[in-house]
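Residue-level structural notes
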Amino acid sequence: MTARRFWRRSGATGWALTAPATLAVIGFLIVPIAAVIAGTFMDPRGAFAPYIAYFNSGFRTTVLFRTLQISAFTTIISLIFGFMTAYVVSRAPGKLKSLLIVAAVFPLLTGVVVRAFAWLIILGRNGILNQTLLSLGIVNEPLEMLYTQGAVVVGMVYLFVPLMVLSLVGVLENIPKDVLQASSSLGASPMATFWQVLLPLAVPGLIVGAVLVFTGSFTAYATPQLLGGERQTVLATLLQQRAMVSFDWVGASTIATIMTVITISIVLAMSHIARRINPMAT
Amino acid sequence: MTQPLDINAVSAHYGTTKVLEDLSLSVQAGELVSLLGASGCGKTTTLRLIAGFLAPTSGSISLGGRDLTRLPTHKRDIGLVFQNYALFPHLSVLDNVAFGLKQRGIGADERRKRAMAMLERVGLAPLAERAPGALSGGQKQRVALARALVIEPPLLMFDEPLSNLDAKLRVDMRVEIRQLQRANGTTSVYVTHDQEEAFSISDRVAIMNAGRLMQFDRPEVLYRRPANTFVARFVGFENIIPLKVVARDGDIVVAETAGMRLRLPQSLFGQIPDTFLLATRPDGLVVSTDPAAEGLSAQLGLRTYLGRAYQYQCETPAGHLIANGSLTTPLEAGTNVKLVPMPEQCTILAAEDAR
Amino acid sequence: MSDRPHPVLIGIAALVYLFLMLPLVIVVGAALSDTTYLTFPPQGLSLRWFQNIFEISAFRRTIVTSLQIALLGTLIALLIGIPAAYALNRFRIELPKWLGTLFVLPILVPEIVFGFALLKSLTVGTGAPIFLSLLIGHTLIVLPYVVRVISASLASFDFSIEEAAISLGSAPVKTFFTIVLPNVRAGVIAAFILAFITSLNDVSVSLFLTGPGISTLPIQILAHVEQFFDPTVASVSVLLMFLTVAVMAIVERTLGLTFLAK
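Residues numbered from 1 in each chain as written. Chains lettered and ligands numbered in written order. Predicted model: local features only at pLDDT ≥ 70, side-chain atom pairs only at ≥ 80, totals over all residues.

A short note on the overall build of chain C
For chain C, the count of helices and strands is 13 helices and 0 strands. Ordered by position from the N terminus, the helices and strands of chain C form the series α-α-α-α-α-α-α-α-α-α-α-α-α. C-alpha extents for chain C along the principal axes are approximately 70 × 65 × 30 Å. Within chain C, buried positions represent 47% of all 262 residues. Put simply, of all contacts in chain C between residues at least 6 apart along the chain, 71% involve residues at least 24 apart. (Helix = DSSP H or I, 4+ residues; strand = E, 2+ residues; numbered from the N terminus. Buried ≥ 20, exposed ≤ 12 C-beta atoms within 10 Å, placed from the backbone. Contact = placed C-beta atoms within 7 Å.)

See the structure below:
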């Protein structure tokens, strides 16, 4: 009796159970962000005035392109090294494999500030790298490594390689073993199996990983702030400056909108592509 | 083209567990041999050793005189049909079939021609451009078969290829596999846990248990003359009665169990030792209500209906036995009867491993 | 057999792991140094920089705030996230698909944009207290982790067990607590830990939602680093890492470590 009533009400029950979380996301996330975006189109100077102003400023367009560039470098480097590492991890014997996975999880659970700070100690003018290079006589004067694009990219790669490794280990482990065995039984050498079977099957996972890293580095704040400073201003640090230092709400909102639109379009486009080429889908 | 396979004293141990103990098995050129047994009996391990996915602890494997033992899988030239088909999900049906040819350096046009011809043979030519994900189970298995056959391997192996198909398709597919194998004359090893499948498809069957070979012979021999109690029970000799010879009178041997006597014609069984086991299927024990009949006295227990006969659980002084009775006269539980063994449906086993 | 990757690949993987581990080792070393500037290897071992953390009142206060926010935010996220995850799995057919996407939105939109939006509409727009805004912000950024991890647990839960309990006369709500929840215990623990650590480490949202007297630890670290270059921050970092290790040890005890990899 009880059970029957329970079943009949199920649709409504489902809605009721999701209601608090749904309302929280709509009320505190969707509405505020929609308000930010809408605000940029209600400028007294005209609907697109803030965007025209943004793209007319050489500095701000430079910041946008720098951010895209840093994200692209970070993604490519993380992808290459992450894939190679994930391949080795996925082939490791049981005990070692879980140890390697833990070793990748640990930095991931350590905060971004701590991880950026570590590179501050290493790359600083009196940092460990400079001290080492000087004492080895490789350089005569400390190198200016901090506040360069390279420093930001290194910090970002450091941030995202563990994520890439973990997600790609998952992808590689999901490729059925017998498909790889079938390949070698048909005479494919290990190299041929890698290029003709393993890699094509990993592509959807690689795309997902790349999106994760690209959007992550595109919107990262702490790492470019600490390792790039004002010389390597990116969208996130610019947004913070506009909002908290200059109190330029319209400018900050414009940057926020640009970041949101780019992030969401990349996620949607890439997940669409990943789904379409995913051979495991059916 | 077709070559004999020799497995020579092969053992495989994982740590301290012995998965395979001293297995020797020869498959003649063009022969189809099944490895039959329950899961964990070592049959799949044997197949993986031949394929090179595992390395034996000791022993050697050779194909047509070529030693495979240390050769990596991709150099062994063995066609393998997997239980889960293991089709390449990112390649079309045609490219799946052509994959092995590509590895052998055969040009694109020739590849396509041969793969299409093979798909034609398994009746899948119209689906050549499809993705494997869009096929039914039976179609996938045909693609897997075509993919393994097209490289014209000297040895073809099947790892429970039909276990994911439904019953009707299973029977059709095994006929098809047998026909293709016969037509090509390819030496084949076929792993299955399905006795009917193994018996129907094979030239010879190797019955395995706990990593050891129990008996290796033609299905007809296995079915009528199992070599030991394990194989006897496996092929359905559910009644195994320990007997002692008390008298020999020309061809007739009189044997006794629990105070009851049976007469057996020696000529049917060859030499009958002084103590032995008599094994029969339920069909080989006739339920007789004639108190004068010469047989084992029994009391009937539960009766079940088999369609072609009634089956009775019987309690006898010689232990629990199962017998089939005629459909015309169903008998009630508790009836006292005689169970009469039909000699031509019995077989004799050595007594050493009684029970 | 021939499963072993190429030695060059193994070498590269080893270097990647060195790259991952070395900076953290350096931070630990720097924290233990007796010097007033950051250096590695440490010169003279000392714990005085750890003591220093607690002597600076800003660190003391922000550690407390961070822990409060992380704990409260995680609990609220569990409170609203568990029913949502349950409903998404149990009423998969009845509920629309976009609802599942809705709950991952907070990690889909740039966090820094979310932080700014909350500042604009909540703190400035309605004059809500900073602590409350901070709590709301953190609850939302950890909600996706809660819903996703618990959903994953529920996905492997056989709902016919629940039906069996109900058919035996157990009331639905009681069934949820006595049958469903115990079976996804591992998921709840994992969600709690993941959410707690995420909240504790958050920068981008907190960045905008701090004000006079209220800040979180990561924001305080950022501020400190920009002014001083002493080992205090290294010590705080070590403290945070220590917390992470402790948490991982708890996970290892209860669920096994590979669980985190998912």
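Considering the overall build of chain A
Within chain A, the secondary structure is distributed over 13 helices and 0 strands. Scanning chain A from its N terminus toward the C terminus, one meets helices and strands in the order α-α-α-α-α-α-α-α-α-α-α-α-α. Relative to its length of 282 residues, chain A is extended, with a C-alpha radius of gyration of 24 Å against a globular reference of 19 Å. In terms of overall dimensions, chain A has C-alpha extents of about 75 × 65 × 35 Å along its principal axes. Relative to its full complement of 282 residues, chain A shows a buried share of 48%. (Rg over C-alpha atoms; globule rule 2.2 N^0.38 Å.)

What to know about the sheet that holds strand E6 (residues 78-81) of chain B
Residue and element names in this part refer to chain B. With mixed pairing, 6 strands are arranged side by side in an open sheet as E6-E7-E8-E3-E9-E10. Each edge of the sheet is formed by a strand with only one pairing partner; in this case those strands are E6 and strand E10 (212-217). Looking at each pair of strands side by side, their axes are set apart by 20 degrees on average, direction ignored. Pairing geometry for strand E7 (residues 155-159) and strand E8 (residues 187-192), over 5 bridges, is parallel. Following the sheet pairing, Leu155 is matched in E8 by Thr187. (Pairing = 2+ DSSP bridges. Axes fitted to C-alpha atoms, helices over the stretch in contact; angles between N-to-C directions.)

Digging into helix H3 (residues 108-121) of chain B
Residues and elements named next belong to chain B. Compared with an ideal rise of 1.5 Å per residue, which puts 14 residues at 20 Å, H3 spans 20 Å between its outermost C-alpha atoms and is within 8% of the ideal. Looking only at H3, the buried set comprises Arg111, Ala115, Met118 and Leu119. The buried residues of H3 occupy an angular sector of 100 degrees when the element is viewed end-on, so they sit on one face. Exposed and facing more than 90 degrees away from the buried side of H3 are Asp109 and Glu110. Looking at the packing, one finds that the buried side of H3 touches helix H2 (93-103) and helix H4 (137-149). One or two steps after H3, the chain reaches Gly123, where phi turns positive at roughly 75 degrees. (Expected span 1.5 Å × (residues − 1). Arc of directions from axis to C-beta.)

Quick notes on the interface of chain B and chain A
Facing 22 residues of chain B, the contacting portion of chain A comprises 18 residues. Mapped onto the side of chain B that touches chain A, the elements with two or more residues apiece are E6 and H2 of chain B. By residue number, the principal contributor to the side of chain B that touches chain A is H2 of chain B, which donates 3 residues. Taken together, the residues of the side of chain B that touches chain A sort by class into 12 nonpolar, 7 polar and 3 charged. (Nonpolar A, V, L, I, M, F, W, Y, C, P; charged D, E, K, R; others polar.)

Some details on the nonpolar core
Buried together is how nonpolar side chains tend to be arranged in soluble globular proteins. Ile121 of chain A together with Phe116 and Val146 of chain C are the most contacted members of the largest nonpolar core, which has 251 residues in total. No other element matches the 16 residues that helix H8 (residues 149-174) of chain A contributes to this core. The residues contacting Ile121 of chain A, other than those within four sequence positions of it, are Gly127 and Ile128 of chain A together with Ile26, Val27, Ala30, Leu38 and Phe40 of chain C. (Core = buried A, V, L, I, M, F, W, Y, C linked by C-beta atoms within 7 Å.)

Some words on the pairing of strand E4 (residues 58-63) of chain B
Residues in a regular strand point their side chains to alternate faces of the sheet. All names here are of chain B. Alignment of strand E1 (residues 5-14) against E4, held across 5 bridges, turns out to be antiparallel. If you follow Ile7 over to E4, its bridge partner there is Ile61. In this sheet, strand E5 (residues 66-67) lies alongside E4 in antiparallel orientation, the contact comprising 2 bridges. Bridge pairing in E5 places Leu63 opposite Arg66. Connecting E4 to the antiparallel partner E5 that follows it, the hairpin turn spans 2 residues, and Gly64 within it adopts a positive phi of roughly 55 degrees.

Comments concerning the interface of chain C and chain A
Contact with chain C, which involves 74 residues of that partner, is made by 69 residues of chain A. Broken down by element, the residue count for the side of chain C that touches chain A peaks at 13 residues, all from helix H1 (residues 7-31) of chain C. Residue composition of the side of chain C that touches chain A, by class: 60 nonpolar, 9 polar and 5 charged.

Some words on the domain arrangement of chain A
Residue and element names in this part refer to chain A. When cut into domains, chain A gives domain 1 (1-40) and domain 2 (57-281). Contact residues are listed per partner, giving 5 residues for domain 1 and 6 residues for domain 2. For the side of domain 1 that touches domain 2, the residue count by class is 3 nonpolar, 2 polar and no charged. (Domains from an automatic or database assignment.)

Here we look at the sheet that holds strand E2 (residues 17-27) of chain B
All names here are of chain B. Here we have 4 strands laid out as an open sheet, ordered E2-E1-E4-E5, and antiparallel in their pairing. Two strands in the sheet have a free side with no partner beyond their single neighbour: E2 and E5. Packing of helix H1 (residues 43-51) onto the sheet brings it into contact with E1, E2 and E4, and relative to E2 it is tilted by some 65 degrees.

A few points about the pairing of E1 of chain B
All names here are of chain B. Relative to E2, E1 is paired through 7 bridges, and the arrangement is antiparallel. The residue of E2 that forms the bridge with His13 is Lys18. Where E1 folds back on E2, the antiparallel hairpin that results is connected by 2 residues, among which Gly15 adopts a positive phi of roughly 60 degrees.

Comments concerning the environment of Leu186 of chain A
Inspection of the secondary structure assignment puts Leu186 of chain A in the loop between helix H9 (177-185) and helix H10 (190-219). Residue classification places Leu186 of chain A among the buried positions, given that 31 C-beta atoms sit within 10 Å. Put simply, Leu186 of chain A and Ile70 of chain A are 116 residues apart on the chain and 43 Å apart in space, counted from C-alpha to C-alpha. Residues contacting Leu186 of chain A, with those up to four places away along its chain left out, are Phe99, Gly100, Gln103, Arg147 and Ile151 of chain B.

Some words on the environment of Leu262 of chain B
Residues and elements named next belong to chain B. Note that Leu262 resides in strand E13 (residues 260-265). Judged by the 19 C-beta atoms lying within 10 Å of it, Leu262 is partly exposed. Apart from residues lying up to four places away in sequence, Leu262 is in contact with Leu243, Ala255 and Pro341.

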